[in-house]
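Tertiary structure, described
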Amino acid sequence: QRCLGWDDAPMSEFWAWSWTHRIGDANRFFVKQPASAAHTYGHKFVFAEGFTTIGPHWQEKLWDNLKPTFDKALCEGLNVLVWHAFVCSPDETGIPGQQYFAGTHLNPKVTWWEKSAPFFSYIDRCQFMLQQGHFAADVLYYYGDHVPNFAQLKKSDPAHIQPGYDYDVITAEALIERASVHDGKIVLPDGINYRVLVLPDRDVIALPVLEKIKELVADGAIVIGPKPAHGETRENLSADDAEVKKIAAELWGGSRREEAQTSAFGKGRVITGKTAREMLLADDVKPDCEFQADKGDFDYLHRTAEGVEIYFVANRTNFAASARVAFRVAGKAPELWNPVTGERKFTAAYQEKDGRTLLPLNFAPCGSWFIVFRENAAAHPAVINEHSDELSSETELPGAWTVHFDPKWGGPATAQFDSLVSWPARPEPGIKFYSGTAVYEKSFERPAESRITNHESRLLLDLGDVHELAEVKVNGKSCGIVWCPPFRVDVTDAVKPGENKLQIEVVNFWPNRIIGDASLPKEQRLTQTNIRKLTAKTPLEPAGLLGPVQLLEKERIQ
């Protein structure tokens, strides 16, 4: 961490999910360490090479692989993604052209390039928000300068403070040179502050570190950890040991190392026999962000910026989930910011209790929100207990679809789909192995009973299941591109009384066409690439619009 802290750009990496390589979070995420280095050495940005894989190729789904992987990295502290990899692929290399053997392939030759802006807008919004102010955490963990010494994952939790609290790890150098105490908190020059310093479960400590700890406690810091007995270096061993024992006796008293007790020294306290979590709860410092839910797996990150509290909260499961989330903020109105769409609004469904704000949240599969507290709650009072997301009507679009494929990529110019099925389920090779954009068309009538003239109600088109992303056009007007659940757009301003023309441009990824080409003679192939992992025996990927496609009318949308 000392080397990372000296860097202008503390950086590590994280990997996209794969069923063949680096399986599990412990093999994929390495962000907590550079995040702590950035926070404790005064750097604004936390970089990471991201979305690395070693196969499969062009198969990393946006919504249930890249997005939750990115969200996890954000909750570990990331705020600048360095994409791995964007490969230069000249025209003479064909399409999809040459690629690096590893990484999530991205360049203008991917099928979804022209519709990629909303996905990258999500990444940009998240990064911008998490570059504001500074990281907010309760615990600073001194983990010494031993080798090996690496804080890989947030859930490694060396201070034993989770769930609901967060932490940084700090080196001897940063602790000695940058830490001081203000109003009972350990503060760093950039404004970041911590309620407690936790020491590792070791009986050795560097004498300069112990001298610094004595200074901090005298000024009002709270320190949790075992009583040290020896110096950490072999230089001046006996003299250091004697001085360590002397200072330890001043701070910890005459207790034995394993005894549980609280000792007062100066303005501060030294505590043994308790975890940081136990100490914070005993001091009535409630968790900073706490999820109350019957099911789901949630994570968060908190930043504070000149009186504005910014929380990023994420659903780590691939199913919809609801939770009542408690934020350790009082007196300020919660704003709901949607990083997928850019929409934001004050929410009327919240309550304050015991110094925290309780907010009911509905999460889409792999969904996420920013919750921002900045304005006085009196100006935006709570008026309801729960978010309302009620359907007043739900109409599935009936009948067959006309679907247009690009003949240049082997597809028929026009095909009829009597029902919405995955392209590989069709018998035509030009559809079964198709990769690229296909346009689904049909006409529909605006529901006669619709109340969309009332501004409180909106008419939505829900696409159901989509592989992989789609743009919706009604009467020639684009209503938006969707790439994650709910695959849903607002069509209120595009529909008209009577008949409406609907077009849904659906894009899948490259594998199916490359797999289909693998069984063809070279001169008949439509694709050209140096990647050889996709063969005629590779299973085809689901593709296209699977639906059901429905018109939904809603009174209020969260």
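Residues numbered from 1 in each chain as written. Predicted model: local features only at pLDDT ≥ 70, side-chain atom pairs only at ≥ 80, totals over all residues. Heavy atoms only, no water.

Okay, a nonpolar patch on the surface next. Taken together, the side chains of Ile54, Tyr100 and Phe101 define a hydrophobic patch exposed on the protein surface, amounting to about 290 Å² of accessible area. Mapped onto the fold, Ile54 is located in the loop between strand 2 (47-52) and helix 3 (62-76). (Patch = residues over 30% accessible without salt bridge, like charges linked within 9 Å, V, L, I, M, F, W, Y side chains within 5 Å. Areas by Shrake-Rupley, 256 points an atom, 1.4 Å probe, with all protein chains shown as cover. Salt bridge = Lys/Arg side-chain N within 4 Å of Asp/Glu carboxyl O. Helix = DSSP H or I, 4+ residues; strand = E, 2+ residues; numbered from the N terminus.)

Ranked by internal contacts, the top residues of the largest apolar core, which has 116 residues, are Phe14, Phe70, Leu197, Leu461, Leu463 and Ile504. Of all the elements, helix 3 adds the most residues to this core, at 7 residues. Ignoring sequence-local partners within four residues, the contact set of Leu197 consists of Leu140, Tyr142, Leu175, Ile186, Ile213, Leu216, Ile222, Val223 and Ile224. In terms of nonpolar packing, the next biggest core, distinct from the first, is built from 20 residues, Val313, Ala321, Leu359 and Phe363 among them. (Core = buried A, V, L, I, M, F, W, Y, C linked by side-chain atoms within 4.5 Å. Buried < 20%, exposed > 50% of the residue type's maximum accessible area, 1.4 Å probe, protein only. Contact = heavy atoms within 4.5 Å.)

With that settled, the discussion passes to the sheet that holds strand 7 (residues 167-170). Within the open sheet, the 6 strands sit side by side as 7-6-11-13-16-15. Their pairing is mixed. Looking along the sheet, the strands with just one partner apiece sit at the ends: strand 7 and strand 15 (261-265). Averaged over all adjacent pairs, the angle separating strand axes in this sheet is 25°, with direction ignored. In this structure, strand 6 (residues 139-142) lies alongside strand 7, joined through 4 bridges in parallel fashion. Looking across to strand 7, one finds that Val139 is bridged to Tyr167. Those strands touched by helix 7 (residues 237-252) are strand 15 and strand 16 (268-272), and its axis lies near 100° from that of strand 15. (Pairing = 2+ DSSP bridges. Axes fitted to C-alpha atoms, helices over the stretch in contact; angles between N-to-C directions.)

The subject of this paragraph is the pairing of strand 33 (residues 477-482). The side chains of a regular strand alternate between the sheet's two faces. Where strand 32 (residues 469-474) lies against strand 33, 5 bridges are found, and the strand directions are antiparallel. When the bridges of strand 33 are listed, Ala470 appears paired with Val482. In this antiparallel pair of consecutive strands, strand 32 and strand 33, the connection spans 2 residues, and Asn475 shows a positive phi of 55°.

Here the focus is the sheet that holds strand 22 (residues 344-346). The strand order across the open sheet formed by 6 strands is 5-18-19-25-21-22, and the pairing between neighbours is antiparallel. Of all strands in the sheet, those bounded by a partner on one side alone are strand 5 (134-135) and strand 22. Relative to strand 22, strand 21 (residues 332-337) is paired through 3 bridges, and the arrangement is antiparallel. From the neighbouring strand, Leu336 faces strand 22, where its bridge partner is Lys345. The strands touched by helix 3 within the sheet are strand 18 (298-305), strand 19 (308-315) and strand 25 (368-376), with strand 18 carrying the most contacts at an inclination of about 50°.

Under the defined criterion, the tally for this structure stands at 30 aromatic pairs. Taking the centre distance of 6.2 Å and the plane angle of 10° together, the rings of Phe14 and Phe29 count as stacked. Placement of the pair is Phe14 in strand 1 (residues 11-15) and Phe29 in the loop between strand 1 and helix 2 (32-41), with a sequence separation of 15 residues. Summarising the burial analysis for this pair, Phe14 and Phe29 share the class buried. Seen from their ring centres, Phe45 and Phe47 are 6.1 Å apart, and the 75° between their planes marks the pair as edge-to-face. What makes Phe45 partly exposed here is its relative accessible area of 31%. Within the aromatic cluster, the residues linked to one another by ring pairs are Phe14, Phe29, Phe51, Phe70, Trp83, Trp112, Phe119, Phe120, Tyr122, Trp483 and Phe509. Taking NZ or CZ as reference, Lys154 lies 4.5 Å from the ring centre of Tyr300, over its face. Taking NZ or CZ as reference, Lys442 lies 4.9 Å from the ring centre of Trp401, over its face. (Phe/Tyr/Trp six-rings, centres within 6.5 Å; stacked < 30°, edge-to-face > 60°. Lys NZ or Arg CZ within 6 Å of the ring centre and 35° of its normal.)

The next subject is the packing of helix 3 against helix 4 (residues 117-129). Contact geometry for helix 3 and helix 4: axes closest at 11 Å, N-to-C directions at 10°. Relative to helix 4, the element helix 3 lies roughly parallel. Facing Leu62, Leu66, Lys67, Phe70, Asp71 and Leu74 of helix 3, the residues of helix 4 in contact are Phe119, Tyr122, Ile123, Cys126 and Gln127. Across the contact of helix 3 with helix 4, the residue classes tally to 8 nonpolar, 1 polar and 2 charged. (Parallel < 35°, antiparallel > 145°, perpendicular 65-115°, else oblique. Nonpolar A, V, L, I, M, F, W, Y, C, P; charged D, E, K, R; others polar.)

For the pair helix 6 (residues 207-218) and helix 7, interaxial distance at closest approach is 10 Å and the crossing angle is 20°. It follows that helix 6 is roughly parallel to helix 7 by the angle criterion. Between helix 6 and helix 7 lies a crossing whose hand is left-handed. Contacts between helix 6 and helix 7 involve Leu207, Leu210, Glu211, Ile213, Lys214 and Val217 on the former and, on the latter, Asp240, Glu243, Val244, Ile247, Ala248, Glu250, Leu251 and Trp252. (Left-handed = near helix turned anticlockwise from the far one by under 90°.)

Turning our attention to the pattern of salt bridges. Enumeration over the complete set of coordinates arrives at 29 salt bridges. Glu335 is the salt-bridge partner of Arg374, the closest N and O atoms lying 2.6 Å from each other. Highlighted residues: Arg374 in strand 25 and Glu335 in strand 21, separated in sequence by 39 residues. Classification of Glu335 as buried rests on a relative accessible area of 3%. The partner of Glu428 in a salt bridge is Arg426, and the shortest N-O contact between them spans 2.8 Å. Owing to a relative accessible area of 28%, Glu428 belongs among the partly exposed residues under this scheme. One salt-bridge network, in which partners are shared between bridges, spans Lys32, Lys72, Glu76, Lys154, Asp166 and Asp299.

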